[in-house]
Amino acid sequence: MNILSLIIKREFIAKVRNKSFIVMTFLSPLFFVALMVFVAYLASMKGENKQIAIHDESGLFFKQFKNNDAFTYQDLSAIDVEILKDSVAAEKYEGLIYIPKQEVITDYEKNIYYISNDSPSLTFISKVELLVADKITHVNLQNKGIDTQVIDQAQAKVNLKLTKATGEETVRGLNEIKIIIGGAFGYFIMMFIIIYGNMVMRSVIEEKTNRIIEIIISSVKPFQLMMGKIIGTSMAGILQFIIWGVVGAFLLMGSSFLLGINGTPGMTTVEVVNTAGSISPEVLGDIQNYVHEILSLPLLSMFIYFIVFFIGGYFLYSSLYAAIGAAVDNETDTQQFLFPIMLPLMLGVYIGFFTVINDPHGSIATIFSMVPFTSPIVMLMRIPFGVPVWEVLLSIFILFATFILVVWLAAKVYRIGILMYGKRPSWKELYKWLKY
């Protein structure tokens, strides 16, 4: 145990004293904040207003098109359509909506053209089709002697009230909020595994290629060395993430101060919102409901489960990364082995975002929350939706049981591969190593 602690200490100190580690520890939050500011700036920029010419020979449809920030519509029905086509070709207009005269109103359904140099977006096409269809529908109703104003006045807008079985009022998009919270935990684990798993693998490769490992292995057991690298690197990674969190908090407080956001402790939701401006009681009620729903989630148990799945998932995958590092001589040779490791992580993310959000307690979500290679991501996405404790405990048991098995198998590969040089092993050879 004393030897293991020495290896852990050595790996930890070696990582935190590395110049790139120090630089990225303090620069990464700055890069992240700068990226967020840049993205927010780009999102706030308005796109160029596009000029759309309309040649409406029927005179029925032009008034349907309303100018907005994205498009300005010009009625150029008096100008010859061939001249307008040339103007579009010369890029004087973004496009031309050409509506030739038809004898029967229903003929307009298939005889309206949009002429442009570039293909328009599906959103724009759908909007034009909807506006034209709405006008044709009104004309059809008028031709049948039906008062369209009466129909417009009779149209209803339904606002569905959402309540729980207990009678409490709930909010829209709550599932999306839950999947974002769970997804953030799962994504964090995936990124930690990729970043620091690769760090473990590179450390093994470096010591192997420099032949330092031959000296180290004479004093310690391969299993102790592998576990020391995994734990030491994970401790360095956790320290880095803690520093990122502290620096990020200071940057957030600094940006709040510069932007004039009042974050005085003890302010209620109403006071915070009202400092920003006047908001209707309905919107304010929705904000309070959202805050209430988020705070009513099992945040403490979610955090505890996150730590447990974080430890299990990281150790499970890091042992595989260490085995790969021991089996090869350089990072180029790792590619054939890394993809099978990355696949379950990517699968877990996709299942979480495309399956859990729609059916968090369905068969697919439940099965993959038990599979140890995907459970650290999928189960964390399911937990905000309310998962029975026995399912979570069973998933944890399977994860750590698999971790012990994988560590045992990885140690066998590590024990043989750490002293192998000059040959890239195949999957068949790795299988033979497992039987030694």
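Residues numbered from 1 in each chain as written. Predicted model: local features only at pLDDT ≥ 70, side-chain atom pairs only at ≥ 80, totals over all residues. Heavy atoms only, no water.

Visitor: Hey, could you run me through the overall build of the protein in this one?
Guide: Looking only at helices and strands, one finds 16 helices and 4 strands in the protein. Going through the 436 residues of the protein one by one, you find that 39% of them count as buried. Sequence separation of 24 or more characterises 69% of the internal contacts of the protein that already satisfy a separation of 6 or more. (Helix = DSSP H or I, 4+ residues; strand = E, 2+ residues; numbered from the N terminus. Buried < 20%, exposed > 50% of the residue type's maximum accessible area, 1.4 Å probe, protein only. Contact = heavy atoms within 4.5 Å.)

Visitor: Would you explain helix H4 (residues 122-143) in this entry?
Guide: An α-helix turns once every 3.6 residues. As a result, residues three or four positions apart point the same way. Compared with the 32 Å implied by 1.5 Å per residue over 22 residues, the 31 Å span of H4 between its first and last C-alpha is a close match. Buried-residue contacts for H4 involve strand E1 (50-56), strand E2 (71-75), strand E3 (95-99), strand E4 (113-116) and helix H5 (148-154). Just downstream of H4, Gly145 is the residue with a positive phi angle, here 80 degrees. (Expected span 1.5 Å × (residues − 1).)

Visitor: So what exactly am I meant to see when it comes to unusual backbone geometry here?
Guide: One can expect most non-glycine residues to show negative phi and most peptide bonds to be in trans. Of note in the backbone geometry, Glu91 takes a positive phi value of approximately 65 degrees without being a glycine. Of note, Glu91 is situated in the loop between helix H3 (81-89) and E3. In this structure Glu91 comes out as exposed when scored by relative accessible area, which is 65%.

Visitor: When you look at the pattern of salt bridges in this model, what are you seeing that I'm missing?
Guide: Proximity of charged atoms lets side chains of opposite charge pair with each other. If you walk through the whole model with that rule in mind, you get 2 salt bridges. As a salt-bridge pair, Glu391 and Arg382 come within 3.1 Å of each other at their nearest N and O atoms. Exposure remark for Glu391: the relative accessible area of 11% places this residue in the buried category. (Salt bridge = Lys/Arg side-chain N within 4 Å of Asp/Glu carboxyl O.)

Visitor: Explain the packing of helix H11 (residues 299-327) against helix H14 (residues 375-382) to me, please; I cannot follow it from the model alone.
Guide: A packed helix pair is summarised by two numbers, namely the angle formed by the two axes and the spacing between the axes. Between H11 and H14, whose axes approach to 9 Å, the crossing angle comes to 170 degrees. As the angle between them shows, H11 and H14 are arranged roughly antiparallel. Here H11 runs over H14; the crossing is right-handed. Each of Tyr305, Phe306, Phe309 and Gly313 in H11 lies in contact with H14, whose residues at this interface are Ser375, Pro376, Met379 and Leu380. Residue classes in the contact of H11 with H14 are distributed as 6 nonpolar, 2 polar and no charged. (Axes fitted to C-alpha atoms, helices over the stretch in contact; angles between N-to-C directions. Parallel < 35°, antiparallel > 145°, perpendicular 65-115°, else oblique. Left-handed = near helix turned anticlockwise from the far one by under 90°. Nonpolar A, V, L, I, M, F, W, Y, C, P; charged D, E, K, R; others polar.)

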